[in-house]
Amino acid sequence: MRMEISIAPLTTLPAWQALETHYSKVRELHLRKLFADDAKRGERMTAEAVGIYFDYSKHRITDETLRLLLQLAEESTLRARIDAMFRGEKINVTEKRAVLHVALRAPQGQSIMAEGKDVVPQVRAVLARMAGFSNRVRSGEWKGHTGKRIRNVINIGIGGSDLGPVMAYEALRFYSQRDLTFRFVSNVDGTDFAEATRDLDPEETLFIISSKTFTTLETMTNAHTARDWLLQTLKHPAAVARHFVTVSTNAMEVTKFGIDTANMFEFWDWVGGRYSMDSAIGLSTMIAIGPDHFRAMLNGFHQMDEHFRTAPFERNLPVLMGLIGLWNNNFFGAQTVAVLPYEQYLKRFPAYLQQLTMESNGKHVTLAGTEVDYQTGPIYWGEPGTNGQHSFYQLIHQGTKLIPCDFIGFLRPLNPLGRHHDLLFANMLAQAEALAFGKTSQEVQAEGTPTWLAPHRTFEGNRPSSTFLLERLTPEALGKLIALYEHSVFTQGAIWGIDSFDQWGVELGKALAARIIPELEAGAEGQLTHDGSTNTLIKRYGRAKEPSHGR
Ligand code: F6P
């Protein structure tokens, strides 16, 4: 079923135009005044659902801003697109695919249809196979070719087949089986593979080759290198079956590679790469934390899915988050969003979100193929607090750019150590407070700061931020948090009228690399037909391969 596209241009919608007028009236409003005028703002401008408390009071919004943003959501195709996604319609129009990552976490008994077929039973069947396999590896029952138990698990994949697994492994390390070592190889740079394997015994190592397409250059190159590395020690090709499993949608390519499809964990073309960490792509996660914790994570995702699907927009966390992000992006012109988890285990969360947000909403044409006349996806970046405070926060506080921040905090630590958690949490609150309220030059001077120094010590404030609070970093909480971002990305993409589920922008570079590779390998002696710069660089590389080079 093809989704009908009938969207009035975004900037012609009445709510958009009202927002433009409204923006010109409120753009200079300071958070100091907004809070001073409304003693309840910090309690009122919050929302809570499925265990996530969202404080959006430190954004440069009024009740009227919110009303107009919600009106914009109603005037856009958001509601229709949410329903279409959950109905299994092909909302990824350029690839003619359904978008059903929500089916990956649907509980038994729920049915979600794609192409007239309920996909939930097949999802559950793969989860059951994953659980069986994970338990065998975790217990030591799954042995390597020489009878040794598996001690090391290496996931080979890139993009969505890497970032989710790495992030989830790091995020849930507290729950992981500590006598297993997990490594992740993604880069085609040989260093990645060499360093990941240098201290490992092939007899105790299991490779998970994760690739939706099973054609990705980086992953296939690393997979071949892994096979060579293994066979150098184990000699016999039969060893591959005990040391390699795959996660893919492409059984044909898996067979061609020489891996038995009995050792393949399947997923489907209606799961986008960056939405796949809770599919079989999460096999390394499941081996690390065990099937029960993995199921708890899926349950967290599902709770947020249901909230997104059913809650009215004014209480819908992903919708509110998406709308406020859009306000900062499209009206205040904020180019980036800083993601600042105050939780060390979430150190790879910003990197994970970069693919989720930017591959999804980095688009310049609408679903109808017309050029947008407004900004789409912002740049996401970040680091865990408090490290970022001693690095880039200076620019957020006193630089010339407006950078909305997402602060993510947990009320209870996983590793309670003396005062650490109080200090961590206090720092998060302090940063959001400083960003919002700053320090006026009068305040600075009243402290006795010399006049010449006062401008340097003044904080303008009025820097917007969201604060998300969760109880504790559990697998369930992680699922909720990821789904929150997934659906806020969806919300923004739907309002911008773009396809958040394709990624044509990565194709040209891949095609050009395929052309350049043989030229580099040939030593670049033939006719080169690139631009002058690329030709020169290729020749320079070729010269470095000549025996006389560097002598
Ligand atoms: O190049 C981008 C991309 O297609 C991502 O969308 C995807 O997550 C990644 O490559 C890896 O693809 P695959 O899982 O097919 O190897």
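Residues numbered from 1 in each chain as written. Predicted model: local features only at pLDDT ≥ 70, side-chain atom pairs only at ≥ 80, totals over all residues. Heavy atoms only, no water.

J.: Any chance you could break down the site of the ligand for me, citing the residues and the numbers?
T.: By nearness alone, 14 residues border the ligand, and Ser-161, Ser-211, Lys-212, Thr-213 and Thr-216 come closest of all. In the environment of the ligand, an oxygen atom lies 2.6 Å from a nitrogen or oxygen atom belonging to the side chain of Ser-161. Here Thr-216 contributes a side-chain N or O atom positioned 2.5 Å from an oxygen atom of the ligand. Summarising the interface, the protein chains cover 88% of the accessible area of the ligand, which totals 400 Å² for the free molecule. In a pocket analysis with a 2 Å cut-off to the grid points, the ligand is assigned to the largest pocket. Tallied by class, the residues present in the shell around the ligand amount to 2 nonpolar, 9 polar and 3 charged. (Near = heavy atom within 4 Å. Polar contact = N/O pair within 3.5 Å; in protein donor to acceptor, adjacent residues only side chain to side chain. Areas by Shrake-Rupley, 256 points an atom, 1.4 Å probe, with all protein chains shown as cover. 1 Å grid on protein atoms, 1.4 Å probe; cavity = no way out; pocket = protein on both sides within 12 Å on 5 of 7 lines; lining within 4 Å. Sits in = over half its atoms within 2 Å of the grid points. Nonpolar A, V, L, I, M, F, W, Y, C, P; charged D, E, K, R; others polar.)

J.: Help me get a handle on the pairing of strand 2 (residues 52–55), residues and values and all.
T.: Of the strand pairs in this sheet, strand 1 (residues 46–49) and strand 2 are connected by 4 bridges, and their pairing is antiparallel. Bridged to Ala-49 within strand 2 is Ile-52. Hairpin remark: strand 1 followed by strand 2, antiparallel, with 2 residues in the connecting loop; positive phi at Val-50, about 40 degrees. As judged from the 3 bridges shared by strand 2 and strand 13 (residues 465–470), these two strands associate in the antiparallel manner. Its bridge partner lying in strand 13, Phe-54 is registered against Phe-468. (Pairing = 2+ DSSP bridges. Helix = DSSP H or I, 4+ residues; strand = E, 2+ residues; numbered from the N terminus.)

J.: I'd like a rundown of the packing of aromatic side chains, residues and numbers included.
T.: The full count for this structure, using the stated rule, is 32 aromatic pairs. Pairing Trp-16 with Phe-331 gives two aromatic rings, centres 4.9 Å apart and planes at 45 degrees, and the pair type is tilted. Highlighted residues: Trp-16 in helix 1 (residues 14–26) and Phe-331 in helix 14 (residues 317–331), separated in sequence by 315 residues. As far as burial versus exposure is concerned, Trp-16 and Phe-331 are alike and both buried. Where Phe-349 meets Tyr-485, the ring centres are 5.6 Å apart and the plane angle is 80 degrees; that geometry is what we call edge-to-face. (Phe/Tyr/Trp six-rings, centres within 6.5 Å; stacked < 30°, edge-to-face > 60°. Buried < 20%, exposed > 50% of the residue type's maximum accessible area, 1.4 Å probe, protein only.)

J.: Summarise the pattern of salt bridges; cite the residues concerned and give the values.
T.: The full count for this structure, using the stated rule, is 28 salt bridges. Here Asp-269 ties to Arg-97 by a salt bridge, and the two come within 3.8 Å at their closest N and O atoms. On the criterion of sequence distance, the pair formed by Asp-269 in the loop between strand 9 (264–266) and helix 12 (283–289) and Arg-97 in the loop between helix 5 (78–86) and strand 3 (113–114) is long-range, its members being 172 residues apart. Look at Asp-269 and you get partly exposed, because its relative accessible area is 42%. (Salt bridge = Lys/Arg side-chain N within 4 Å of Asp/Glu carboxyl O.)

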